[in-house]
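Fold and geometry: a report
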Amino acid sequence: MGTFEYLSTPESNLPAQTASSSDRRRWIALFVVCLGQLMSVLDTTVVNVALPSIQHDLSFTQSSLTWVINAYLISFGSFLLMAGRLGDLVGRKRVFLAGVLLFTAASAVCGLANSQALLIAARFVQGAGGALSVSVILAIIVTEFPLPVDRAKAMSAYMFVVVSGGSIGLLAGGALTQAISWHWIFFINLPIGLVTVLLGRVLIRENEGLGLKNGVDILGSILVTLALMIGVYAIVEVPTYGWLSAHTVGFGGLALALLAAFVSLESRIANPIMPLRILRLRGLVGSSIVRGFLVTGMFTTFFLGALYLQHVLHYSAVRTGLAFLPMTLTVATLSLAGIPARLVARFGARRVLIPGLLCCVVSLLLLSTAGVGASFFPTVFLAYLLLGLGAGSSFMPLLTIAMADVPPADAGLGSGIVNVSMQVSAALGLAVLGTVATNHTKALTAGGQPLVDALTGGYHLAFTVAAAVVATGVIVAFVLLRPILARPAGGRGPIPGMSLDAEVLELEAALEAVEA
């Protein structure tokens, strides 16, 4: 049969006008799901720059203020796996739209909140809504774009939103807080959410879910959700209690015990919420580990980088957001021009990934040299430019590798695993590197250094450690992300003697021949 088996999709058998309409629909649908992703990504950073105003208006203490962030992180991280599998079972469009609706409603409550308890509770619900919508987005993209060339372009657009959304959030949060009030960082989600739901109902195609006829693994759902919730809680509270405290060790141990019980249960029941076969997919697991190292080192830059710019260089909230624009614009240029997709098709995912990771390492090392009197040009500008180049060249290949071997029926679960690897790694990175920066700053202050010099020294050490973490990801990528080999002649897997990357090239050639 050969390569043209891959081209025998239902859309390829439609009349030209109908096929063109269907193609237009799925690209607009990609825009819709990216809007849902944007709302969630924005909310991870847009709140950071508004925290002082929120603290003043609602009389938060410094310790209780962290729960405005942590309530969202805990619920978002804990529901991802369950939500992804739910999409496989009952339909990803249904789960996505339900998540966006819940997120939008919770955003309205956040904006109207006039007490600490109401804001924190609404943030928790907002995180659950974000998990429902985000957990199935990759699965929707994979099923809507079966051809590797189109899928690579769609992944590039998705990763632009994921990577640049954080810096857009910093800019939007600062502008809205300074121009109007902190309430509007939540109200801005309302029109975006309503447009996403209305367009999503029309444009997103529903998958045929596996159904609930064989029962639902309720106990497994509870175990994995509790394990992730308690684990993320233990991580985000490390700055308060310390790594070796009874609080951290106790809750961390409980999370691991619940996770072990979950794995044991999944290996014994007929219809598990997470079939353990998914963990045998080398590309999914290996790319998740590499992604964990990258996110641990890189996403912390949004937090520590913003603190450095504000506390050391004395940037305003808006100017801090603008400082991240070199990264945002670089990722936008790469994504909109489809450069990562073309590079992956030409050279293979791993050969594009490794230089991208190295760019992130160099960027973090540059930030570790930015001193008390540093000007924006050239050091800070070049650091964020390289970070954008590295992120734009790394995340798309990692997604391509992760989802390449995931069966369509398990795409929601695979999407959930990808998102969990990012969320847990981001929380872990913030806890570890935040603690490193704080402890080193305290040590330098105790040694007699001025506060601004001590703060700079703390940030420098954290950026250096972050660079080492991403460099470790480079080594892991060399070890784990080997090319995937071959299938028997005439079968439906990889072609004998041909790597997955080379097969992408063959598919491109076949597409060009069909178009001709």
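Everything that follows concerns the structure shown earlier in this document.
The model shown is predicted, which means the values in this text are computed figures rather than measured ones.

Our next topic: the overall build of the chain. Counting its regular elements, the chain contains 22 helices and zero strands. Sorting the 516 residues of the chain into buried and exposed places 55% on the buried side. Per element, the accessible surface of the chain, about 20,800 Å² overall, is 70% carbon and sulfur.

Our focus in this paragraph is the pattern of salt bridges. Enumeration according to the criterion identifies nine salt bridges in this entry. One salt bridge in this structure joins R26 and D150, with 2.9 Å as the shortest N-O distance. Of the two residues, R26 sits in helix α1 (residues 16–45) while D150 sits in helix α7 (residues 148–179), which places them 124 residues apart along the sequence. With relative accessibility at 7%, the residue R26 sits in the buried group. With a closest N to O distance of 2.9 Å, D410 and R277 form a salt bridge. Of the two residues, D410 sits in the loop between α19 (376–404) and α20 (411–446) while R277 sits in the loop between α12 (246–266) and α13 (282–298), which places them 133 residues apart along the sequence. Judged by relative accessible area, which is 2%, D410 ranks as buried. Salt bridges sharing partners connect three or more residues here, namely R85, D88, R92, R277 and D410.

What follows deals with a nonpolar patch on the surface. On the surface, L212, V216, I218, I222 and L226 cluster together to form a nonpolar patch covering roughly 430 Å² of accessible area. Following the sequence through the fold, V216 ends up in the loop between α9 (189–203) and α10 (218–236).

Below, the discussion takes up the nonpolar core. One broad rule of soluble globular proteins: the nonpolar side chains tend to lie buried together. Among the nonpolar cores identified, the biggest contains 117 residues, and F96, Y158, L309 and F395 are the most heavily contacted of them. Element by element, the count of residues in this core is highest for α19, at 13 residues. Look past the residues within four positions of F96 in its chain and what remains in contact with it is V32, V33, G36, L132, S133, V136, I137, I140, T196 and I204.

Conventions and cut-offs
- Residues numbered from 1 in each chain as written.
- Predicted model: local features only at pLDDT ≥ 70, side-chain atom pairs only at ≥ 80, totals over all residues.
- Heavy atoms only, no water.
- Helix = DSSP H or I, 4+ residues; strand = E, 2+ residues; numbered from the N terminus.
- Buried < 20%, exposed > 50% of the residue type's maximum accessible area, 1.4 Å probe, protein only.
- Areas by Shrake-Rupley, 256 points an atom, 1.4 Å probe, with all protein chains shown as cover.
- Salt bridge = Lys/Arg side-chain N within 4 Å of Asp/Glu carboxyl O.
- Patch = residues over 30% accessible without salt bridge, like charges linked within 9 Å, V, L, I, M, F, W, Y side chains within 5 Å.
- Core = buried A, V, L, I, M, F, W, Y, C linked by side-chain atoms within 4.5 Å.
- Contact = heavy atoms within 4.5 Å.

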